[in-house]
2 protein chains.
Amino acid sequence: MKQQKMLIPTLREVPSDAEVASHKLMLRAGLIRQLASGVYSYLPLGYKVLKKVEAIVREEMDKSGAQEILTSAIQPAELWKKSGRWDAYGPELMRLQDRHQRDFVLGPTHEEVFTSLMRDEVNSYKKLPVNLYQIQTKYRDERRPRFGVIRAREFIMKDAYSFDTNTDGLDESYKAMYDAYHRIFTRCQLNYRAVEADAGTIGGHGGTHEFMALSEIGEDTIVHCSACGFAANIEKAEVIDLNSGTDTATNANVEPVELVETPNVKTVKEVAEYLGIEAGKVIKTLLYKVDDDIVAVLLSGDDELNEIKLKNLFDAELIELLSDEQVESITGDKPGYVGPINLIDKIKIVADNKIQYADNAVCGANKVDYHYKQVNYPRDFAVEKFADLRNIKEGEPCPKCQAAVSFSQGIEVGHVFKLGTKYSEAMGAKYLDENGSSQLMVMGCYGIGVSRTVAAIVEQHSDENGIVWPKEVAPFQVHVIPVNVKNDKQRELATLIYEQLLAKGIEVLYDDRQERAGVKFKDADLIGIPIRVVVGAKADEGIVELKLRTTGASRDVSIDDIISDILAEL
Amino acid sequence: MKQQKMLIPTLREVPSDAEVASHKLMLRAGLIRQLASGVYSYLPLGYKVLKKVEAIVREEMDKSGAQEILTSAIQPAELWKKSGRWDAYGPELMRLQDRHQRDFVLGPTHEEVFTSLMRDEVNSYKKLPVNLYQIQTKYRDERRPRFGVIRAREFIMKDAYSFDTNTDGLDESYKAMYDAYHRIFTRCQLNYRAVEADAGTIGGHGGTHEFMALSEIGEDTIVHCSACGFAANIEKAEVIDLNSGTDTATNANVEPVELVETPNVKTVKEVAEYLGIEAGKVIKTLLYKVDDDIVAVLLSGDDELNEIKLKNLFDAELIELLSDEQVESITGDKPGYVGPINLIDKIKIVADNKIQYADNAVCGANKVDYHYKQVNYPRDFAVEKFADLRNIKEGEPCPKCQAAVSFSQGIEVGHVFKLGTKYSEAMGAKYLDENGSSQLMVMGCYGIGVSRTVAAIVEQHSDENGIVWPKEVAPFQVHVIPVNVKNDKQRELATLIYEQLLAKGIEVLYDDRQERAGVKFKDADLIGIPIRVVVGAKADEGIVELKLRTTGASRDVSIDDIISDILAEL
């Protein structure tokens, strides 16, 4: 492809609205352009990369035995009502009506569509297992689209759904996908990790894994243990209750509760500073709406609530922190001064395990500008249930082997999930077994964020000058650059190399632009094609420069050897 | 691929809601399933064919120098407001709001998106011409989706937009697309014709062609002339006014107008029968809303109005036949009795050319149950403008050479169109020319209905037993069928052939099902894979049957020759 007329609108300036490297570079290298918030166009270079990633995904999915289909983005609301997600999904679900005022959604995923397809078309164990996938456009009306195509509202996803006769079959289908995902992300040259993830209350048959591209900008925190290899999303990582078995009724130094004035002192930090204590000595009381109930959650002041654990504790569909106004209307107290003492009369109280060892702690007094000191459990307050409700911290014991865990950040590029019979039950997807009796299909679902994977690759493969594409996903393999296209010798030699490479079926970009050498090289660095051939001053001697984008290493090569040298590098 | 677990839900019964062969066969062969009216899922076999057609389109587009990109289906309303199509498009445009109540459309085409992209990214003549295309999902909320994927609401389209510095450049870009389309539809083995089409009032630079797959079920009528090769959509085909120049003031046998009672006689047919005259002697008066005006259109009773010609005559955005209620409220007359005499005082009147030769004709008397006889132009009524407003009829003179034209029906599978500067002007897409002055880009647009093309292929390539796929788009090239998989020899031989073909990179479907031979053969005919290898009773002798789906011809082949014979057939 010749560069002069190709739409590669590179930018020298760093776009002001781009926060992370991949977003900046994808804009600067002319891979993408934003059309609306969270909605992007893939320009020629960007789409070439996207197609390469798609091809890798397709090859490995096919190799695993999955069958490719294509369903619609638009889905009738009836399907979503049947599964219950029409009501449960919330504002991320894009909805629309057709000309007859019938409700539709733009699919964020396709469980309903695939399950109802299988319900209608397959009815015998003889036709199972089946794993169906598609590479298709998805919609999620993100509250805050960001990081370019990493969190977009329209994006490309590979989603697959497996249908088995039983859970052993599901385990096999799941394993095949798990292995395929490893092959896919390895081929994409991602530094990634498969981590245990939260399966909510439906993944009862052995869970779920997320595939995380490691990156500082990742929105997910990965907890891992170098001793035993444990790796999990922090949402999922269990906190071991090391004090389990301690007799909480015999806390030492138990002093009487004392009411202290704490004017305008509300947050844990303010309370700890004002009273001169550790944050860990403060009991935080958070009020949550858990489906239709109100629940108070007690946590140590230096801990973070893990909302997923709270949600799972109640097997809830939806949990939501109460607003200040809601807190006041329910407790009659100002937020910041709510505490557990006498609260159980009004509201259900649950607490993180740590709270049962509360020993001369501080908590809100349910009275503006006052806190209690010397608060002890169980002497001073009641709790309905203790559970692991907080996030693990770096250095705390690994839930598997108790060695100290470390943290990394990750971008979720893939997710494999054992659904079990949740959707086959809702949609009525059954088959007849060997004995002719009707059974529910056992399902798994498997997603890859294809467009997000492209961004994750850029995030991991770049330097200060631009993108450094891994070969298998590079938009072109070779970039041929005559330094001065007006120089006949340079132009002729470059054209010759370009045509010879094309004849060998190699993807070449030929910089035929009448631009200064500096502009060409800067663009070449930015675009990041793996192998660069520069035809410059030594063209007269039949010498060109071969440069690798990865290392920056360059060497002079005779025109007689250049094609074979390039082939060797590839 | 092994057939046992592949999702190919063939049907013996003809689906009751399918009217045309392609729709029936695509359902019966398990290529597609309907999810909602006009919304389909492509199952494994169907999607394989769709991808083959996509690949042909992509190869020929790339060969023409076009650059592939991918834009979003969702488009902000602002773009459509800027082009004026937000208001002009009507109920076919699917609209939705995001969580912030911002308006979006689901794109039926992408002129606005591509034009604004080029406006923002290209500003110099040096970067032009550019032709950008995408293969992408489109949305049209059809009033009456039908014929399966032929008229669907979500469908796959290839759309391309060319940007040139001037009309000569546009002519070249247009020609490149016109030629590419010929290559594409030839490779798809379609019997098609490129026909002149209506360019409305914007295609001022030499028009537009539609590529029509010939088919009885086609919704478009093609007018063609075997003498000179002329071919046009009937919308576009001009009717020559052979009487042009006749002195209309001197009609012979002019008798006085006579009012006759015609009780309950309204339609042209009823009037002609009641009065014992030819339908051609009746003047039809149709009332249309043309943008904001009301217009009466006069036509000979045996002619059909060509709405496109009417629309173009007024350079209108929208024309619409008035409802009976509207006719009555405007004219004060019952529909069926409206006529041109004295009507021009109330309403603008235009007439087809033929009407100026009206000679003792009959027309509505603007009075219920009455018509006028012996009506003559210009003696009895006034007309503001005569024009070619009717459809040509089979056997009438070719507008190019005056030989008799014939009709065919066609399915529109492609459309190439010279847009000129309509969108570049609306969206402000300009470039700087050699002299540094700002010029509008000159555009063309080029569409192919990719999913519709698949249906058109099926429509043309089938027999009473099923689909007969052309090789280049067939989902598999070879279908290997052991008659009885429980017979060790048959199974082993079939498996050997299957694996040898796979090793040669040939796409093979292996019918490993334990089904009766009759079921297998019926399915094979239905699915329509070009080459069939049947491994049956002669397996013991090392003989298999090779059968071609096209001709049905079959022959015995030794196992030693089967692979080379298959390769020869391919």
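Here the structure is a predicted model, which means the values were calculated and not measured.

Thresholds applied
Within each chain, residues carry numbers counting from 1 in the order of the written sequence. By the order in which they are written, chains take letters starting at A while ligands take numbers starting at 1. The model is predicted, so local features are restricted to residues of pLDDT at least 70 and side-chain atom pairs to those at 80 or more, both for listing and for counting; the totals for chains, interfaces and linings are taken over all residues. Hydrogen atoms and water are omitted, and side-chain values are computed over all heavy atoms in the structure. Helix and strand definitions follow DSSP, with helices as H or I runs of at least four residues and strands as E runs of at least two, each counted in order from the N terminus. Exposure is judged per residue with a 1.4 Å probe applied to protein chains only, and the accessible area is read against the type maximum: over 50% gives exposed, under 20% gives buried, and values in between give partly exposed. The protein chains shown are the only cover counted for residues, whose accessible areas, like all others here, come from Shrake-Rupley with a 1.4 Å probe. Positive charge is attributed to Lys and Arg, negative charge to Asp and Glu, and no charge count is given to His or to the chain ends. Lys charges are placed at NZ, Arg charges at CZ, Asp charges at CG and Glu charges at CD. Fitting of the copies onto one another was done by least squares over C-alpha atoms, counting residues only where both copies have pLDDT of at least 70. We call two residues contacting when some pair of their heavy atoms lies within 4.5 Å. The term salt bridge refers to a pairing of a side-chain nitrogen on Lys or Arg with a carboxyl oxygen on Asp or Glu at a separation within 4 Å. Domain start and stop points were drawn from an automatic or database domain assignment. Buried area: the accessible area, evaluated with a 1.4 Å probe, that two parts lose upon being put together, summed over both parts. Residues are grouped as follows: Ala, Val, Leu, Ile, Met, Phe, Trp, Tyr, Cys and Pro are nonpolar; Asp, Glu, Lys and Arg are charged; every other residue, Gly included, is polar. Any two cysteine sulfur atoms within 2.5 Å of one another count as a disulfide. Planes of paired rings set the category: under 30 degrees apart is stacked, over 60 is edge-to-face and the rest tilted, where pairs are Phe, Tyr or Trp rings (Trp by its six-membered ring) whose centres lie within 6.5 Å. Axes here mean lines fitted to C-alpha atoms, for a helix over just the part in contact, with angles spanning 0 to 180 degrees between N-to-C directions. For this classification, under 35 degrees means roughly parallel, over 145 means roughly antiparallel, 65 to 115 means roughly perpendicular, and everything else is oblique. Crossing handedness follows the turn of the near helix against the far one: under a right angle anticlockwise gives a left-handed crossing, and clockwise gives a right-handed one. By the convention used here, strands pair only if DSSP detects at least 2 bridges between them.

Next up on the list: the overall build of chain A. When you go through chain A residue by residue, the secondary structure sums to 14 helices and 31 strands. Seen along its three principal axes, the alpha-carbon backbone of chain A occupies a region of about 95 × 70 × 55 Å. A burial count over chain A gives 56% of its 570 residues as buried. Here chain A has roughly 23,200 Å² of accessible surface; of this, 44% comes from carbon and sulfur atoms. In chain A, 69 side chains carry a positive charge and 90 a negative one; their mean positions are 5 Å apart.

Once turned by 180 degrees and shifted 0.0 Å along the axis, chain A lies on chain B with an RMSD of 0.1 Å. Taken together, these values place the two copies in the relation of a two-fold axis. Closest approach to the rotation axis within chain A is made by the C-alpha atom of A:Leu96, at a distance of 2.6 Å. Interface overlap between copies: 98% of the residues of chain A at the interface are likewise at the interface in chain B, consistent with a symmetric, same-surface contact.

Attention now goes to the pattern of salt bridges. Side-chain pairs of opposite charge can arise where the charged atoms are in close proximity. All names here are of chain B. Scanning the model with the defined rule gives 84 salt bridges over all chains in all. As a salt-bridge pair, lysine 309 and aspartate 388 come within 3.0 Å of each other at their nearest N and O atoms. With lysine 309 in helix H8 (residues 307-314) and aspartate 388 in the loop between strand E20 (385-387) and strand E21 (406-420), the pair connects residues that are 79 residues apart, well separated along the chain. Residue classification places lysine 309 among the buried positions, given a relative accessible area of 9%. Take aspartate 388: its relative accessible area is 18%, and that puts it in the buried class. Among the salt bridges present, the one from arginine 555 reaches glutamate 569, with a minimum N-O distance of 3.2 Å. Separated by 14 residues along the polypeptide, arginine 555 in strand E31 (residues 554-558) and glutamate 569 in helix H14 (residues 562-569) bring together distant segments of the chain. A residue is classified by how much of its surface remains accessible, and glutamate 569, at 22% relative accessible area, is partly exposed.

What follows covers the domain arrangement of chain A. All names here are of chain A. Taken domain by domain, chain A consists of domain 1 (21-220 + 409-458), domain 2 (248-387) and domain 3 (476-569). Each of domain 1 and domain 2 was reduced to a C-alpha centroid, and the two centroids are 39 Å apart. On the domain 2 side, the residues contacting the 4 residues of domain 1 number 4 residues. Between domain 1 and domain 2 the total buried area reaches about 340 Å² when both faces are included, carbon and sulfur atoms providing 47% of it. Counting across the interface, domain 1 meets domain 2 through 0 salt bridges. A class-by-class count of the residues in the side of domain 1 that touches domain 2 yields 1 nonpolar, 2 polar and 1 charged.

Time to look at the side chain of B:Asp220. Residues and elements named next belong to chain B. Take aspartate 220: it is sitting in strand E11 (residues 220-224). Despite being buried, aspartate 220 has no salt bridge partner; arginine 151 is the closest side chain of opposite charge, sitting 5.7 Å away. Ignoring sequence-local partners within four residues, the contact set of aspartate 220 consists of Met212, Asn233, Glu235, Ser408, Gln409, Gly410 and Glu412.

Before going further, it helps to spend a moment on the state of the cysteines. Residues and elements named next belong to chain A. Inspection of every chain in the model, using the stated rule, returns 0 disulfides over all chains. In this structure cysteine 225 is a free cysteine whose sulfur lies 3.5 Å from that of cysteine 401, the closest cysteine sulfur available. Accessibility expressed as a relative area gives 3% for cysteine 225, which makes it buried.

This part takes up the packing of aromatic side chains. This model, assessed by the stated rule, comprises 24 aromatic pairs over all chains. With 5.8 Å between their ring centres and 50 degrees between their planes, A:Phe185 and A:Tyr192 make a pair best called tilted. Considering the side-chain rings of B:Phe114 and B:Tyr161, the 4.4 Å spacing of their centres and the 40 degrees angle between planes classify their relative orientation as tilted. Of this pair, B:Phe114 sits in helix H5 (residues 111-121) while B:Tyr161 sits in strand E8 (residues 154-164), and the two are 47 residues apart along the sequence. Assigned by exposure class, B:Phe114 and B:Tyr161 land together as buried. Joined through ring pairs, the aromatic side chains of A:Tyr178, A:Tyr181, A:Phe185, A:Tyr192 and A:Phe211 make up one cluster.

This next bit is on the packing of helix H12 (residues 488-503) of chain A against helix H14 (residues 562-569) of chain A. Residues and elements named next belong to chain A. Viewed as axis vectors pointing N to C, H12 and H14 meet at an angle of 50 degrees, and their least axial separation amounts to 10 Å. Taken together, the axes of H12 and H14 are oblique relative to one another. Two packed elements cross with a definite hand, and for H12 against H14 that hand is right-handed. Here H12 contributes Ile497, Gln500 and Leu501 to the contact with H14, which in turn contributes Ile562, Ile563 and Ile566. Considered class by class, the residues forming the contact of H12 with H14 number 5 nonpolar, 1 polar and no charged.

What follows is about the sheet that holds strand E28 (residues 508-510) of chain B. Residues and elements named next belong to chain B. Strand order across the open sheet formed by 5 strands is E28-E27-E29-E30-E31, with mixed pairing between neighbours. Among the strands making up the open sheet, the edge pair consists of E28 and E31. In this sheet, adjacent strand axes meet at a mean angle of 25 degrees when their direction is disregarded. Of the strand pairs in this sheet, strand E29 (residues 531-535) and strand E30 (residues 543-548) are connected by 4 bridges, and their pairing is antiparallel.

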